[in-house]
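Analysis of the macromolecular model
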Amino acid sequence: MNAPERSAAFQLDEDSGEVKIVYNSDTKISNAGTFTLNKEDHTVGNLFRMQLLRDPSVRFAGYMIPHPLIHRVELRIQTSSSTVSPVEVLSSAIEDLNNETDHLISQTTDAIEQWRKENDQGGMGQF
């Protein structure tokens, strides 16, 4: 068949030196730049965009997918001042998302344990 391998959509080709993220600073605006995220899609692009827009030091955050068959996200960030770099705000956004994910996991685990205590069926059913 003439289709590419499905794993090519999400696994980096380390033999060819493919890296996950590349940063290119904007030559015209000192506080802007573009991050290229390889092997990613709208899920990560929109997640980063929304988290970045919560930051008051971010003036603009947007992403684009160059082509539907190319698994790459181009994330453009512009900060409000030249004292805060796009690298710093993206790093902060990733850390915030990590904290939110940890909180979500702990809340879900606690809720499942509470449900099991309230609905103890004497070992009749497991899920």
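We now turn to the structure provided with this report. (Residues numbered from 1 in each chain as written. Predicted model: local features only at pLDDT ≥ 70, side-chain atom pairs only at ≥ 80, totals over all residues. Heavy atoms only, no water.)

Here the focus is the sheet that holds strand 4 (residues 72–79). Each strand in a sheet pairs with another by means of backbone hydrogen bonds, the pair being arranged parallel or else antiparallel. Read from one edge to the other, the open sheet built from 4 strands follows the order 1-2-4-3, with strand pairing classed as antiparallel. Among the strands making up the open sheet, the edge pair consists of strand 1 (21–25) and strand 3 (58–64). Adjacent strand axes in the sheet meet at a mean angle of 15°, parallel and antiparallel pairs treated alike. For strand 2 (residues 32–38) and strand 4, the ladder comprises 7 bridges, and the chain directions are antiparallel. Bridge pairing in strand 4 links Thr 34 to Arg 76. With respect to the sheet, helix 1 (residues 42–53) is in contact with strand 2, strand 3 and strand 4, its orientation differing from that of strand 3 by roughly 175°. Lying on the sheet, helix 2 (residues 86–118) is in contact with strand 1, strand 2, strand 3 and strand 4; it crosses strand 4 at an angle near 115°. (Pairing = 2+ DSSP bridges. Helix = DSSP H or I, 4+ residues; strand = E, 2+ residues; numbered from the N terminus. Axes fitted to C-alpha atoms, helices over the stretch in contact; angles between N-to-C directions. Contact = heavy atoms within 4.5 Å.)

So, on to the packing of helix 1 against helix 2. Relative placement of two packed helices is described by the angle separating their axes and the distance separating the axes. Put simply, helix 1 and helix 2 touch, their axes get as near as 9 Å, and they point 105° apart. Taken together, the axis directions place helix 1 and helix 2 in an arrangement best described as roughly perpendicular. Of helix 2, the residues touching helix 1 (which contributes Leu 47, Phe 48, Gln 51 and Leu 52) are Val 89, Leu 90, Ala 93, Ile 94, Asp 96, Leu 97 and Glu 100. Within the contact of helix 1 with helix 2, the residues separate by chemical class into 8 nonpolar, 1 polar and 2 charged. (Parallel < 35°, antiparallel > 145°, perpendicular 65-115°, else oblique. Nonpolar A, V, L, I, M, F, W, Y, C, P; charged D, E, K, R; others polar.)

With respect to the secondary-structure elements, Thr 36 resides in strand 2. Setting aside residues up to four positions removed in sequence, Thr 36 forms contacts with Lys 20, Ile 21, Val 22, Arg 72, Val 73 and Glu 74.

With that out of the way, let us pick up unusual backbone geometry. Phi is positive for Lys 39, close to 60°, though the residue is something other than glycine. You can see Lys 39 is positioned in the loop between strand 2 and helix 1. Overall, Lys 39 belongs to the buried group, its relative accessible area being 17%. (Buried < 20%, exposed > 50% of the residue type's maximum accessible area, 1.4 Å probe, protein only.)

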